[in-house]
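A closer look at the structure
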Amino acid sequence: MFNPENKLRTAWDFFVLAITVLGAIVIPLSVIFDFSSSTAAAVLLWVIPILFIADILVQFNTGFYRLGKTVTRRSSIALRYLKSWFVLDLIAALPLGLIIGVLVPDPGTVLLLISLNPLVKLIHSGTTLYRIGGTRVNPAILRLVLLVFWILLVAHLVSCAWILISGNPDSLDSASLYIRAFYWTITTLTTIGYGDIVPIEPAQTVFVIFIELLGAAMYGMIIGNIANLIANIDVAKTQYREKLDKINAFLNYRNIPHDLQRKINNYYNYLWESRRGYDESAVIEGLPVALKTTVSLQINREIIEKVPLFQTAGEDLIREIVLNLTPVVFTPGDTIVTAGEVGFQMYFISQGSVDVLSADEQTVYATLTAGQFFGEIALLLSMPRTATIRAREYCDLYRLDKENFDRVIQRYPDFAERINELAEKRQAENEAMQKSKESESKEKEIPEEIEEIQGEYTGEAVSLRWNWVRDLRYYEVVRKNPDTGKWIYIERKLLEPNTTDPHPETERPTTYRIRAIKTSGPGAWSDPVEIEPVTPDKEEPQE
Ligand code: CMP
C-alpha cells in the first residue's frame with residue numbers, strides 16, 4: 001500500500017505521464033504512417049497497455065487524503081477509484097491497436113480512431129501534473145505548461161487527421177508530409193490561413209470548417225488565458241504593483257510633495273526587496289497555534305541566530321519570545337525611541353543599524369547593528385527612556401511588547417539577569433560619557449591665559465583677583481618698582497587666582513603683572529595693570 005506522498009509513487013506517476021505523452025505523439029503517427037512495422041513504435045504499442053494495467057493496480061493500492069487523514073482501507077480506495085478515473089484508465093489500457101492490427105488487415109477510419117484509445121489517459125494528465133508538481137512548482141507555470149502542451153497536442157492530432165483525410169497527393173516523404181500538415185494546422189488554428197493549402201474533397205472541406213471553428217475558439221481562449229497566467233506567475237509582484245499604483249494615484253490626487261512621494265515609493269521598494277511585499281504577521285495570523293509557532297520559528301530563525309542573547313537561551317524561552325515578536329520597518333532618519341518618554345516596547349534588530357543618542361542629541365552613545373537590541377531599560381526599570389534611538393538606514397526590527405517582556409522576565413530569571421547586566425552596563429557607559437562631556441565643555445569655557453585682572457586698595461594692602469586658566473600648575477605675580485623700573489616677585493607658587501599685596505605704593509599707583517605656569521610650561525605675562533591708591537575724601541568746607 002502506497003502513501004499518496006510516497007516519492008516512489010510520485011516517480012511512477014511521472015513515468016506513466018511521460019509514456020502517455022509519448023504515446024499521444026507516436027500512436028496517431030503510427031496510425032497514419034503504419035509505424036507498427038518499426039520496432040520502436042511496436043515496442044511502445046506493447047508497453048503502453050502493460051504499463052497502464054500496472055498503473056491501475058498501483059491506483060488500487062494508493063491511499064488518499066480525506067479530512068486531513070490518510071485513508072488506506074482497500075474498499076474505500078477501490079470505491080473512490082471506481083467512481084473517478086477507473087473507467088477511463090481501463091479504456092486507455094485496452095490493447096485495441098494491437099488487436100485491430102492482428103485481426104483486421106485493412107482497417108477503416110473508425111477502427112483506426114478506436115485504436116487511439118490510450119490517448120484517453122491524457123484527460124487526467126493535468127491532475128497528475130499538479131500532483132507531481134505539489135507545492136514545489138508555481139501553479140501558474142504548471143498551467144502555462146499544460147496550456148502549451150494541449151495546444152501542441154491538438155495541433156499534432158489535427159495534422160494527423162488532415163493527412164488521414166487528404167492522403168499524400170504530392171507523394172512527399174513522411175517527414176515532409178507531416179511538416180506540411182502541421183504548417184497547415186497552425187495557420188488554420190491561429191486563423192491566419194494563407195490559403196496555399198486548400199480543401200478540395202467535400203470531406204476535407206467539412207473538416208476544415210470544424211478546424212476553423214476550433215481555431216477561433218482556441219484563439220480566444222489562449223488570448224484570455226495567457227495574460228492572466230503570466231500575471232499570476234508572480235502573484236506577489238502583481239499584487240505589489242497594483243498596490244503601488246493605487247498609492248501613487250492617491251498621492252497625486254492629494255498633491256503630496258514629490259520628495260515625500262519618492263520617500264514613500266522607496267519604502268515600498270524596500271518592502272518588496274526585503275520581503276516580497278508580504279506582511280508576515282498577517283500571513284500567519286489565521287493559523288492554529290501549533291502551526292503558527294512552527295512557522296514563526298522558521299521565519300524568525302534568522303533573528304534567533306543573529307541575537308547572541310538567544311544563543312544560550314532554552315527552546316521554551318525562544319518559543320515564547322518568537323511567538324510574540326512583531327516585525328516593523330523604519331526608514332532612514334526615523335526616531336524609533338525618544339529619550340524621556342515612557343516606553344512600552346523593546347526591539348531586536350534584524351537588518352540595518354541605529355544610533356543611540358543622548359536626550360539633547362549631541363552625543364552618540366553607541367551604534368547598534370543586526371543582532372543587537374534596545375529599549376530594554378525603560379521596560380526593566382520602569383523609567384523613562386534613557387536615550388533617543390534613530391534609524392541610520394532602512395531597519396527591519398522585531399518588536400516585543402512590555403506585557404510579553406514582563407512575562408518572559410518573570411519566568412526566566414537567568415535571562416532577566418543577563419538583560420539587567422547589559423542595561424546597567426549601558427547606563428554606566430552613558431553616565432561616564434556624559435560626565436566626561438560635561439567636564440570637557442567646562443574646560444572649554446576656561447581661557448588659556450590671564451585675561452582680566454581686578455585690584456583695589458583695602459586699607460594699606462592691595463587685593464588682586466583674576467581669572468582661572470586652563471591646564472594650571474600655579475600663578476606668579478610681580479610688582480614694578482617705580483623708581484628702578486624693575487619687576488619683583490611677590491608670589492611664586494600661588495594655586496588660587498587671587499592674592500593680597502601687603503606692601504604696595506601708598507602715594508603712587510602700583511603696577512602688577514601676573515602669569516600662569518601651566519603643565520605645558522610658563523604662559524605669557526599679562527599686560528601691566530595699575531592700581532590707584534585711594535586718596536582720602538577731602539572734607540567739604542562748611543559754610
Ligand atoms: P531605553 O532606555 O528603554 O530606551 C533607549 C535605549 O537605548 C535603552 O533602553 C537602551 O536599550 C539603549 N541604550 C542606551 N544606552 C546605550 C548604550 N550606551 N549602548 C547601547 N544601547 C544603549
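As a reminder, the structure under discussion sits directly above these lines.
The paragraphs below set out a description of the structure included in this document. Worth saying up front: this structure is predicted, and the values here are computed from it rather than measured.

1. Structural notes on helix α12 (residues 258-275)
Spanning 18 residues, α12 covers 25 Å between terminal C-alpha atoms, matching the ideal 26 Å at 1.5 Å per step. Along α12, the residues classified as buried are Gln261, Asn265, Tyr268, Tyr270, Leu271, Trp272 and Arg275. Structurally, α12 contributes buried residues whose contacts are with α11 (235-253), β3 (326-330), β5 (345-351) and β10 (395-401). With its phi angle positive at about 50 degrees, Arg276 sits one or two positions after the end of α12.

2. Here's the deal with the sheet that holds strand β9 (residues 388-391)
What the 4 strands build is an open sheet, ordered β4-β9-β6-β7; its pairing is antiparallel. Across the chains shown, the open sheet's two edge strands, defined by having one partner strand only, are β4 (335-337) and β7 (364-368). Direction aside, the axes of adjacent strands within the sheet are offset by 30 degrees on average. Bridge count between β4 and β9: 2 bridges; the pairing is antiparallel. Within the sheet, the bridge partner assigned to Val337 lies in β9 and is Ile389.

3. Examining a nonpolar patch on the surface
On the surface, Ile99, Val102 and Leu103 cluster together into a nonpolar patch covering about 330 Å² of accessible area. Of note, Ile99 is situated in helix α5 (residues 96-103). Residue class for Ile99 comes out partly exposed when judged on its relative accessible area of 42%.

4. Comments concerning the site of the ligand
In the region of the ligand, 17 residues are neighbours, and Gly375, Glu376, Arg385, Thr386 and Asn430 sit closest. Here Thr386 contributes a side-chain N or O atom positioned 2.7 Å from an oxygen atom of the ligand. Asn430 places a side-chain nitrogen or oxygen 2.7 Å from a nitrogen atom of the ligand. If you list the elements that add at least two residues to the shell around the ligand, you get β7, α18 (376-381) and α20 (413-445).

5. Some details on unusual backbone geometry
Within the chain, Thr191 stands out as a residue other than glycine whose phi angle is a positive 60 degrees. Relative to the elements of secondary structure, Thr191 occurs in the loop between α9 (174-189) and α10 (202-233). Even without a glycine there, the phi angle at Glu361 is positive, about 60 degrees. With respect to the helices and strands, Glu361 occurs in the loop between β6 (354-357) and β7.

6. Details of the packing of aromatic side chains
Scanning all chains against the criterion turns up 18 aromatic pairs. Each ring, one from Phe60 and one from Tyr81, has its centre 5.1 Å from the other, and the planes form 90 degrees; the classification is edge-to-face. With Phe60 in helix α2 (residues 39-60) and Tyr81 in helix α3 (residues 74-83), this pair connects stretches of sequence that are 21 residues apart. Seen from their ring centres, Phe348 and Phe373 are 5.8 Å apart, and the 55 degrees between their planes marks the pair as tilted. Here Phe373 lies in strand β8 (residues 373-374) and Phe348 lies in strand β5, a separation of 25 residues in the sequence. Of the residues examined, Phe348 reaches a relative accessible area of 1% and is grouped as buried. Lys121 extends its terminal NZ or CZ atom over the ring of Phe52, reaching a point 4.8 Å from the ring centre. Positioned over the ring face of Tyr489 is Arg492, at 3.7 Å from the centre of the ring.

7. Quick look at the layout of surface pockets
Empty space among the atoms becomes apparent when a probe as large as a water molecule is rolled across them. Taken as a whole, the largest pocket encloses approximately 620 Å³ of empty space. Looking at the largest pocket, it is lined by 24 residues, and the ones nearest its centre are Pro4, Arg9, Asp13, Thr62 and Arg131. Taken together, the elements giving at least two residues each to the lining of the largest pocket come down to α1 (7-33), β1 (64-66), α3 and α7 (125-133). When the residues that make up the lining of the largest pocket are grouped by side-chain class, the tally is 7 nonpolar, 10 polar and 7 charged.

8. A short note on a negative patch on the surface
Negative charge collects at one region of the surface, where Asp414, Glu417, Glu421 and Glu424 lie side by side. By the element assignment, Glu421 lies in helix α20.

9. Comments concerning a positive patch on the surface
On the surface, Arg66, Arg73, Arg80 and Lys83 cluster together into a patch of positive charge. When you line up the elements, Arg73 lands in the loop between β2 (69-71) and α3. Residue Arg73 is classed as exposed on the basis of its relative accessible area, which comes to 57%.

10. Quick word on the pattern of salt bridges
Across all of its chains, the model carries 20 salt bridges by this definition. The shortest N-O distance in the salt bridge between Glu320 and Arg411 comes to 3.0 Å. Taken as a pair, Glu320 in helix α17 (residues 315-323) and Arg411 in helix α19 (residues 402-411) lie far apart in primary sequence, 91 residues in all.

11. What to know about the packing of α1 against α7
At a minimum axis distance of 10 Å, the contact between α1 and α7 shows a crossing angle of 145 degrees. The chirality of how α1 crosses α7 is left-handed. For the pair formed by α1 and α7, the contact residues are Arg9, Thr10, Asp13, Phe14 and Leu17 on the first element and Ser125, Thr128, Leu129, Arg131 and Ile132 on the second. By residue class, the composition of the contact of α1 with α7 is 4 nonpolar, 3 polar and 3 charged.

12. A short note on the pairing of β7
In this structure, β6 lies alongside β7, joined through 4 bridges in antiparallel fashion. Each residue of the ladder has a partner; that of Leu357, found in β7, is Val364. In textbook terms, the turn of a hairpin is the stretch between consecutive antiparallel strands, and for β6 and β7 this stretch comprises 6 residues, one of which, Glu361, has a positive phi near 60 degrees.

Rules used in this analysis
Numbers given for residues are sequential positions, taken from 1 along each chain in its written order. The predicted origin of the model limits local features to residues at a pLDDT of at least 70 and limits the giving and counting of side-chain atom pairs to 80 or more, whereas totals for whole chains, interfaces and linings rest on all residues. Think of the side-chain values as coming from all heavy atoms in the structure, minus any hydrogens and water. We count a stretch as a helix when DSSP gives it H or I for four or more residues in a row; a strand needs E for two or more, and each element gets its number in order from the N terminus. Here the expected length of a helix is defined as 1.5 Å per residue gap, with one fewer gap than residues. A simple rule labels every residue: compare its accessible area, found with a 1.4 Å probe on the protein chains alone, to the largest value its type can have, and call it buried under 20%, exposed over 50%, or partly exposed in between. Throughout, a contact is declared for two residues whenever any of their heavy atoms are within 4.5 Å. DSSP-based pairing: two strands are paired if at least 2 bridges between them are found. The axes used here are C-alpha line fits, helices contributing only the stretch in contact, and every angle between their N-to-C directions lies in the interval 0 to 180 degrees. The patch calculation keeps residues exceeding 30% relative accessible area without a salt bridge and links them within 9 Å when they carry like charges or within 5 Å when they are nonpolar (Val, Leu, Ile, Met, Phe, Trp, Tyr). Here the accessible surface of atoms and residues is derived via Shrake-Rupley with a 1.4 Å probe, and residues count as covered only by protein chains that are part of the display. Every case where a carboxyl oxygen of Asp or Glu lies within 4 Å of a side-chain nitrogen of Lys or Arg is listed as a salt bridge. If a single non-hydrogen atom of a residue is within 4 Å of a molecule or strand, that residue counts as near it. Side-chain atoms alone can form a polar contact between residues adjacent in sequence; in general such a contact is a pair of N or O atoms within 3.5 Å, and within protein one must be able to donate a hydrogen while the other accepts it. Put simply, two rings from Phe, Tyr or Trp (the six-membered ring, in Trp's case) pair if the centres are within 6.5 Å, and we call them stacked under 30 degrees between planes, edge-to-face over 60, tilted for the rest. In this scheme, the term charge over a ring applies when either NZ of a lysine or CZ of an arginine sits within 6 Å of the ring centre and within 35 degrees of the ring normal. Whether a set of points on the 1 Å grid over the protein atoms alone is a cavity depends on a 1.4 Å probe fitting there but being unable to get out, while an open set qualifies as a pocket with protein on both sides within 12 Å along at least five of seven lines; lining residues are those with an atom within 4 Å of a point. Grid points are joined across faces, edges and corners, and a volume is the space filled by probe spheres set on the points. Here the term charged refers only to Asp, Glu, Lys and Arg, the term nonpolar to Ala, Val, Leu, Ile, Met, Phe, Trp, Tyr, Cys and Pro, and the term polar to all other amino acids, Gly among them. Charged-residue counts in this description rest on Lys and Arg as positive and Asp and Glu as negative, His and the chain ends being excluded. By convention, charge coordinates are those of NZ in Lys, CZ in Arg, CG in Asp, or CD in Glu. Handedness of a helix crossing follows the sense of rotation of the near helix relative to the far helix, less than a right angle counterclockwise being left-handed and clockwise being right-handed.

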